[in-house]
Structures are given as C-alpha cells and as structure tokens.
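One-letter residues, chain by chain:
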Amino acid sequence: MPEDLGLAALQALLGEAAETGPFLHDRDSRLVYALIDLQGGIGWSERCPGVRLLSVGAHLAAPSPELEWLNTSVVWAHMPPTPEPTSPARLAAALDAVTTPDRSAA
C-alpha cells in the first residue's frame with residue numbers, strides 16, 4: 001500500500017490493545033507491506049485504492065530484524081516480539097479509519 005496510507009494505518013493499529021503484526025517499509029518505493037492472515041471476503045483494491053494483496057508468485061525481500069543496520073532502504077516499521085500476522089479485519093478497519101473524513105469537523 002502507499003507509504004502515507006500504510007504508516008497511518010499502522011499508527012491506528014498500534015493505538016489499540018490488540019497485537020499488531022509486522023509492517024515492512026520500503027522507503028525507496030514508498031510502499032508499506034502489512035503481514036496479515038489470509039482470509040477471503042475483503043476486496044482490498046475495491047475497498048481502498050492503492051492497496052492490493054500480493055498473490056502467488058510475488059516475492060518480497062525482507063531484512064533480518066536482528067540486522068536493521070544492514071539495509072536502510074527496506075526496514076521494519078513494526079516488528080513485535082512475537083510476530084504474528086495482523087487480522088485482515090483489523091487492518092481493514094484501520095484503513096477505513098484513516099481514509100474516512102472526520103465527520104465531527106463539519
């Protein structure tokens with residue numbers, strides 16, 4: 001997903017009590033990747049433009065969490081102590097929260 005959207009969603013998720021899974025930030029391409037459980041029923045690109053699910057055959061290079069200094073272009077924006085994927089429903093709700101205009105400002 002685009003960097004601004006992904007980092008905003010990450011901040012929204014981190015504000016909740018539930019555990020948030022790993023988020024990878026590719027600074028060069030300005031993209032953020034969230035590791036989620038695979039579940040059907042969420043049309044990511046229809047729900048939020050610019051967000052897509054990587055499919056079979058896609059490759060994603062990820063740095064070792066222990067060697068953050070090795071690569072400054074691709075970094076872990078969030079790596080919990082026990083990395084478990086984020087719930088797709090929680091990610092979808094966070095994306096909705098950061099892309100829906102604040103109605104209270106009207």
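The structure displayed is predicted, hence computed values, not measured ones.

(A) Just the overall build of the protein chain, in detail. Looking only at helices and strands, the protein chain has three helices and three strands in total. Taken from N to C terminus, the helices and strands of the protein chain fall in the order α-β-β-α-β-α. Expressed as a percentage of the 106 residues in the protein chain, the buried residues total 32%. In the protein chain, 74% of the contacts between residues at least 6 apart in sequence involve partners at least 24 apart. Element-wise, carbon and sulfur atoms account for 55% of the exposed surface of the protein chain, whose accessible area totals about 6800 Å².

(B) Up close: the packing of helix α1 (residues 3-14) against helix α3 (residues 88-99). Where α1 contacts α3, the axes come no closer than 9 Å and their chain directions differ by 110°. Of the possible angle classes, the one that applies to α1 and α3 is roughly perpendicular. Crossing hand, α1 versus α3: right-handed. In this structure, α1 uses Leu 5, Ala 8, Ala 9, Ala 12 and Leu 13 to contact α3, whose residues at the interface are Arg 90, Leu 91, Ala 94, Leu 95, Val 98 and Thr 99. The residue inventory of the contact of α1 with α3, partitioned by class, reads nine nonpolar, one polar and one charged.

(C) The pairing of strand β3 (residues 74-78), seen in detail. The buried count for β3 comes to four of five residues, which makes it a mostly enclosed element. Judged from the four bridges that link them, strand β1 (residues 23-26) and β3 form a sheet pairing that is antiparallel. From the neighbouring strand, Leu 24 faces β3, where its bridge partner is Trp 76.

(D) Region of interest: the pattern of salt bridges. For the coordinates displayed, the defined rule picks out two salt bridges. When the shortest N-O distance is used, the salt bridge between Glu 3 and Arg 30 registers 2.9 Å. In this pair, Glu 3 is assigned in helix α1 and Arg 30 in the loop between β1 and β2 (31-34), connecting sequence segments 27 residues apart. Owing to a relative accessible area of 15%, Glu 3 belongs among the buried residues under this scheme. For Arg 90, the salt bridge identified is with Glu 16, shortest N-O distance 2.8 Å. Here the residue Arg 90 occupies a position in helix α3, and Glu 16 occupies one in the loop between α1 and β1, the gap between them amounting to 74 residues. Relative accessible area serves as the criterion here: at 16%, Arg 90 is assigned to the buried category. For Glu 16, a relative accessible area of 36% translates into the label partly exposed.

(E) Local environment of the side chain of Glu 3. Here His 25 takes part through its side chain, which lies 2.6 Å from a polar atom of the side chain of Glu 3. Setting aside residues no more than four positions away along its own chain, Glu 3 makes contact with His 25, Arg 27, Arg 30, Leu 31 and Val 32.

What counts and how
- Residues numbered from 1 in each chain as written.
- Predicted model: local features only at pLDDT ≥ 70, side-chain atom pairs only at ≥ 80, totals over all residues.
- Heavy atoms only, no water.
- Helix = DSSP H or I, 4+ residues; strand = E, 2+ residues; numbered from the N terminus.
- Buried < 20%, exposed > 50% of the residue type's maximum accessible area, 1.4 Å probe, protein only.
- Contact = heavy atoms within 4.5 Å.
- Areas by Shrake-Rupley, 256 points an atom, 1.4 Å probe, with all protein chains shown as cover.
- Axes fitted to C-alpha atoms, helices over the stretch in contact; angles between N-to-C directions.
- Parallel < 35°, antiparallel > 145°, perpendicular 65-115°, else oblique.
- Left-handed = near helix turned anticlockwise from the far one by under 90°.
- Nonpolar A, V, L, I, M, F, W, Y, C, P; charged D, E, K, R; others polar.
- Pairing = 2+ DSSP bridges.
- Salt bridge = Lys/Arg side-chain N within 4 Å of Asp/Glu carboxyl O.
- Polar contact = N/O pair within 3.5 Å; in protein donor to acceptor, adjacent residues only side chain to side chain.

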